[in-house]
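Take a look at the letters that make up each chain.
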Amino acid sequence: MLYSIGEVSKITNLTISTLRYYDKEGLLIDLKRNSNSRIFDEQALNSLKLIECLKRSGLEIKGIRNYMQLAKLGDATLKERYEIILEQEKKINKKIEELNEAYDLIRFKKWYYQEAIKENNEEKVKNMKIEEMPKDIQILFNKTHHID
């Protein structure tokens, strides 16, 4: 199936200007044209999904362009593309760890404020001994306050 840039914008939730930018930057390899209009096929849609994934993983436009050009070269670049994917996986795992740490602290603070509101007394919660906290909150406290 073939799609116009407007249709692709709706399908992908990417702006038309972003799609044009990706094309201008050489990220959309073998994008078909009809006069001056860009024509997107299923392969282009799949490429856009990959581009957005690589972008969210932290790969810059220059790196994405390199990856897409390597993909165009075919099997001779399989190992090189694999290395790029492995590197992005590492970056994603680091982001996940950072988000999990932030999430744990948010969960602890949520409990903290719930207790302070319930008691109408922050000092009581602030001065609470770890052993007085629920077990799951003790674990969060230890993780977020770097106590093993």
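Here, the structure is the one placed above.
Since the structure is predicted, the reported quantities are computational estimates derived from the model, not experimental observations. (Residues numbered from 1 in each chain as written. Predicted model: local features only at pLDDT ≥ 70, side-chain atom pairs only at ≥ 80, totals over all residues. Heavy atoms only, no water.)

### Points about the packing of helix H4 (residues 61-73) against helix H5 (residues 78-119)
Helix-helix packing is characterised by the crossing angle of the two axes and by the distance between the axes.
Okay, step 1: Two numbers describe how H4 lies on H5: the axes approach to 9 Å, and their chain directions differ by 150°. By the criterion of interaxial angle, the relationship of H4 to H5 is roughly antiparallel. At the point where H4 passes H5, the crossing takes the left-handed sense. Only Glu80, Arg81, Ile84 and Ile85 of H5 make contact with H4, whose side of the interface consists of Asn66, Tyr67, Leu70 and Ala71.
Okay, step 2: Among the residues making up the contact of H4 with H5, the classes are represented as five nonpolar, one polar and two charged. (Axes fitted to C-alpha atoms, helices over the stretch in contact; angles between N-to-C directions. Helix = DSSP H or I, 4+ residues; strand = E, 2+ residues; numbered from the N terminus. Parallel < 35°, antiparallel > 145°, perpendicular 65-115°, else oblique. Left-handed = near helix turned anticlockwise from the far one by under 90°. Contact = heavy atoms within 4.5 Å. Nonpolar A, V, L, I, M, F, W, Y, C, P; charged D, E, K, R; others polar.)

### Let's talk about the packing of aromatic side chains
Okay, step 1: Overall, the coordinates contain five aromatic pairs when judged by the stated rule.
Okay, step 2: Summarising the aromatic geometry, the rings of Phe108 and Tyr112 are spaced 6.3 Å apart at their centres and angled 40° between planes, so their arrangement reads as tilted. Here Phe108 pairs with Tyr112, and both are found in helix H5, just four residues apart, close to one helical turn. For the pair Phe108 and Tyr112, one class covers both residues: buried. (Phe/Tyr/Trp six-rings, centres within 6.5 Å; stacked < 30°, edge-to-face > 60°. Buried < 20%, exposed > 50% of the residue type's maximum accessible area, 1.4 Å probe, protein only.)

### A look at the side chain of Glu25
Okay, step 1: Mapping Glu25 onto the fold places it in the loop between helix H2 (16-24) and strand E1 (32-34).
Okay, step 2: Here Glu25 falls in the buried class, since its relative accessible area comes to 19%.
Okay, step 3: There is a polar contact of 2.6 Å between the side chain of Glu25 and the side chain of Arg65.
Okay, step 4: Glu25 has contacts with Ile61 and Arg65, leaving out every residue within four places of it along the chain. (Polar contact = N/O pair within 3.5 Å; in protein donor to acceptor, adjacent residues only side chain to side chain.)

### With respect to the nonpolar core
Okay, step 1: Counting 22 residues, the largest nonpolar core has Val8, Tyr22, Leu28, Phe40, Leu48, Ile51 and Ile64 as its most contacted members.
Okay, step 2: Of all the secondary structure elements, the ones that give two or more residues to this core are helix H1 (5-12), H2, helix H3 (42-56) and H4.
Okay, step 3: Those residues in contact with Phe40, other than ones at most four positions away along the chain, are Met1, Leu2, Tyr3, Ser4, Ile5, Val8, Leu28, Leu31 and Leu48.
Okay, step 4: Grouped together as the second largest cluster of nonpolar side chains are 10 residues, Trp111, Val125, Leu140 and Phe141 included. (Core = buried A, V, L, I, M, F, W, Y, C linked by side-chain atoms within 4.5 Å.)

### Section: the environment of Lys126
Okay, step 1: When you line up the elements, Lys126 lands in helix H6 (residues 122-126).
Okay, step 2: For the pair formed by Lys126 and Tyr113, sequence separation is 13 residues and the distance between their alpha carbons is 9.9 Å.

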